[in-house]
Amino acid sequence: MAKQNFLENELNRWNQSIQARPNDPQAYIRRGMVNFKLAKIDESIADFDRAEKIEPRLTPYLWQRGLSYYYAERFEEGAKQFELDLTVNAQDVEETIWRYLCIARLKGVAEARNSLLVVRNDPRLVMRSVYELYAGNCTTDDVLATGEKEGKRGNFYSYLYLGLYYEAESGEEQSAGSSSTRQSAATLSREYILQAVNDYPLDDYMWHLACVHRTLRGWSLNSDQ
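None of the values given here were measured: they were computed from a predicted structure.

**Some details on the packing of aromatic side chains**
In total, this model carries 16 aromatic pairs according to the counting rule given. A ring pair is formed by Y100 and Y134, whose centres lie 4.9 Å apart and whose planes are at 75 degrees; its orientation type is edge-to-face. Residue Y100 is found in helix α6 (residues 93-107), and its partner Y134 is found in helix α8 (residues 125-134); the two are separated by 34 residues along the sequence. There is no split in this pair, since Y100 and Y134 are both buried. An aromatic cluster is defined as three or more aromatic residues linked by ring pairs; in this entry it consists of F36, W63, Y70, Y71, F75, W98, F156, Y157, Y161 and Y205. Its end group placed over the ring of F6, R13 keeps NZ or CZ at 6.0 Å from the ring centre.

**Some thoughts on unusual backbone geometry**
What is expected of a backbone is that most residues other than glycine have negative phi and most peptide bonds are trans. If you check the backbone angles, A39 has positive phi at about 65 degrees while not being a glycine. Classification of A39 as partly exposed rests on a relative accessible area of 23%. Unlike most non-glycine residues, E73 shows phi in positive territory, near 60 degrees. Structurally, E73 is set in the loop between α4 (63-71) and α5 (75-86).

**Some words on the side chain of R31**
Tracing the chain through its elements places R31 in helix α2 (residues 25-37). Take R31: its relative accessible area is 18%, and that puts it in the buried class. In this structure the side chain of R31 is engaged in a polar contact, spanning 3.0 Å, whose partner is the side chain of N15. A polar side-chain atom of R31 sits 2.7 Å from a polar atom in the side chain of D47. Sequence-distant contacts of R31, that is, excluding residues within four places in its chain, are made with L11, W14, N15, I18 and D47.

Rules used in this analysis
- Residues numbered from 1 in each chain as written.
- Predicted model: local features only at pLDDT ≥ 70, side-chain atom pairs only at ≥ 80, totals over all residues.
- Heavy atoms only, no water.
- Phe/Tyr/Trp six-rings, centres within 6.5 Å; stacked < 30°, edge-to-face > 60°.
- Helix = DSSP H or I, 4+ residues; strand = E, 2+ residues; numbered from the N terminus.
- Buried < 20%, exposed > 50% of the residue type's maximum accessible area, 1.4 Å probe, protein only.
- Lys NZ or Arg CZ within 6 Å of the ring centre and 35° of its normal.
- Polar contact = N/O pair within 3.5 Å; in protein donor to acceptor, adjacent residues only side chain to side chain.
- Contact = heavy atoms within 4.5 Å.

This is the structure we're talking about:
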């Protein structure tokens, strides 16, 4: 509840800021980020679109809109946004992974893995390990072990991206009609995401994303975070 109240107050501040500066693209981006944290996905996209309309040069930097597209199930647009983002930030594992996730929802995990872009220089060891998992080159235990070495932040990112990995896998099994495997992957996705939210809270946009994921999937709240 405290988090909700804080975000609502923050949204009000950005509403006032936009009233005073209606042509400030950064204000729309900041409000869009708050709307996203509040699980107001369509409103967040509208804000990011408005920022882009005011300043078209922002388009390849709107990674936040790519995340919103994923949760709006606008996967083709999400994949395109992350592809544009990678033209200005080619070594970012996260944007590469989110492109994978969008493609997996559109065309399946095999197609997503086959089209996974090469990224080698992300300074975060846990994200390098996540990349290798999505590429099919390591195990979930490897990811968790790497995350453990990087402390609370590393643990959070390992659990978040394992949860997202299994969400893609659960969608694949659903398409194949394997209910037992789908249940297993869906259960793992839920467990990993909830652990990321509950055990490793961070002052980080991606922690809020994990909270939004929990809300939109209708999972019960296991903490007051």
